[in-house]
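Listed here are the chains, written in short residue letters.
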Amino acid sequence: WVLTPYIHLTYNIKIQKFKEQGKRPYLVLLNHQTPFDQFFVGLAFKGPVYYVATEDIFSLGWISDVIRWIIAPIPIRKQTTDVGAVMTCIRVAREGGTVAMAPEGNRTYSGRTEYMNPAVAGLAKKMKLPIALFRIEGGYGAQPRWSDGVRKGTVRGYVSEVIEPEEVAALSKEALLERIQKGL
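Residues numbered from 1 in each chain as written. Predicted model: local features only at pLDDT ≥ 70, side-chain atom pairs only at ≥ 80, totals over all residues. Heavy atoms only, no water.

(A) Local environment of the side chain of Thr-98. Relative to the helices and strands, Thr-98 is located in strand S5 (residues 98–101). Reaching out from Thr-98, the side chain makes a polar contact with the backbone nitrogen of Tyr-26 at a distance of 3.2 Å. (Helix = DSSP H or I, 4+ residues; strand = E, 2+ residues; numbered from the N terminus. Polar contact = N/O pair within 3.5 Å; in protein donor to acceptor, adjacent residues only side chain to side chain.)

Right under this line is the structure:
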């Protein structure tokens with residue numbers, strides 16, 4: 001509630017609420033374009049969303065303490081297989097929580113969806129949740145990674161597709177990864 005007015009004024013964002021959510025937990029996969037992408041997801045979904053975040057944000061002093069208190073992110077180490085983070089995601093899913101992550105791991109350099117670690121498909125299969133593909137459009141133009149300022153424009157955030165658990169189970173890891181890449 002504190003950041004909502006700032007986000008709307010700064011990014012001129014149009015968030016489409018995910019009305020089909022109901023009380024179901026989801027694995028939310030999003031493309032990563034701005035530093036505020038996780039808040040865009042929070043505006044679209046009801047209830048708490050547990051974000052997977054790199055451990056870089058846990059070394060910011062008191063700001064990290066505030067982030068931990070408000071968001072309670074799931075820390076993950078970059079460029080490694082972090083079994084602890086995977087187990088935490090699975091535990092949160094079993095407890096009925098919605099987990100969100102950007103499979104790219106980093107903000108885009110070019111505006112296009114970057115490389116995704118293929119392990120995201122394996123994680124999605126293990127979590128046994130419906131997958132909501134949350135697409136952010138216009139974020140790169142509003143705040144490119146190489147710029148500190150925010151430019152005028154319109155940003156749009158919405159769930160582009162839901163992949164049901166039965167579909168996830170029926171797809172191979174390669175086919176699931178390809179579907180995620182196309183959806184984002």
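Right, picking up where we left off after that structure.
(B) Spotlight on the packing of aromatic side chains. Counted by the stated rule, this structure contains three aromatic pairs. With 5.2 Å between their ring centres and 80 degrees between their planes, Phe-18 and Tyr-26 make a pair best called edge-to-face. Accessibility assignment for this pair places Phe-18 and Tyr-26 in one class, buried. Ring pairing ties together the aromatic residues Phe-18, Tyr-26 and Phe-45, which thus form one cluster. A cation over an aromatic ring shows up here: Arg-156 above the ring of Tyr-158, its NZ or CZ 4.0 Å from the ring centre. (Phe/Tyr/Trp six-rings, centres within 6.5 Å; stacked < 30°, edge-to-face > 60°. Buried < 20%, exposed > 50% of the residue type's maximum accessible area, 1.4 Å probe, protein only. Lys NZ or Arg CZ within 6 Å of the ring centre and 35° of its normal.)

(C) Highlighting the pattern of salt bridges. The full count for this structure, using the stated rule, is seven salt bridges. Note that Glu-161 and Arg-179 form a salt bridge whose closest N and O atoms lie 2.6 Å from each other. A residue pair is termed long-range when its members are at least 10 positions apart, and Glu-161 in strand S7 (residues 155–163) and Arg-179 in helix H8 (residues 173–183) qualify at 18 residues. A single salt-bridge network, built from bridges that share partners, covers Arg-135, Glu-137 and Arg-156. (Salt bridge = Lys/Arg side-chain N within 4 Å of Asp/Glu carboxyl O.)

(D) Up close: the nonpolar core. In terms of nonpolar packing, the biggest core is built from 26 residues, with Leu-27, Leu-29, Val-99, Met-127, Ile-131 and Leu-176 touching the most fellow members. Where this core is concerned, the elements lending two or more residues are strand S2 (27–30), helix H4 (83–94), S5, helix H5 (119–127), strand S6 (131–137) and H8. Residues in contact with Ile-131, not counting those within four places in the same chain, are Leu-27, Leu-29, Ala-124, Glu-161, Val-162, Ile-163, Val-168 and Leu-176. One finds Ile-7, Leu-30, Ala-44 and Ala-100 within the second-largest nonpolar core, a separate group that totals 23 residues. (Core = buried A, V, L, I, M, F, W, Y, C linked by side-chain atoms within 4.5 Å. Contact = heavy atoms within 4.5 Å.)

(E) Local environment of H5. Considered for burial, the residues of H5 that qualify are Val-120, Ala-121, Gly-122, Leu-123, Ala-124 and Met-127. Here the buried face of H5 lies against S2, H4, S5, S6, helix H7 (165–170) and H8. Looking at the residues trailing H5, positive phi occurs at Lys-128, about 55 degrees.

(F) Up close: the sheet that holds S7. Read from one edge to the other, the open sheet built from seven strands follows the order S1-S7-S6-S2-S5-S3-S4, with strand pairing classed as mixed. Pairing within the sheet leaves two strands with one partner each, and these edge strands are strand S1 (13–15) and strand S4 (74–76). Between one strand axis and the next, the sheet turns through 25 degrees on average, direction left out of account. Pairing of strand S3 (residues 49–54) with S5, which is carried by three bridges, proceeds in the parallel orientation. Paired with Tyr-51 across the bridge in S5 is Ala-100. Contacting S1, S2, S3, S5, S6 and S7, helix H2 (residues 37–44) crosses the sheet at an angle of about 120 degrees to S6. (Pairing = 2+ DSSP bridges. Axes fitted to C-alpha atoms, helices over the stretch in contact; angles between N-to-C directions.)

(G) Main features of the packing of helix H1 (residues 3–11) against H2. Running from N to C, H1 and H2 point in directions that differ by 115 degrees, and their axes come no closer than 11 Å. Classified by the angle their axes make, H1 and H2 are roughly perpendicular. Crossing hand, H1 versus H2: left-handed. In contact with Leu-3, Thr-4, Ile-7, His-8 and Tyr-11 of H1, H2 contributes Phe-39, Phe-40 and Leu-43. Within the contact of H1 with H2, the residues separate by chemical class into six nonpolar, two polar and no charged. (Parallel < 35°, antiparallel > 145°, perpendicular 65-115°, else oblique. Left-handed = near helix turned anticlockwise from the far one by under 90°. Nonpolar A, V, L, I, M, F, W, Y, C, P; charged D, E, K, R; others polar.)

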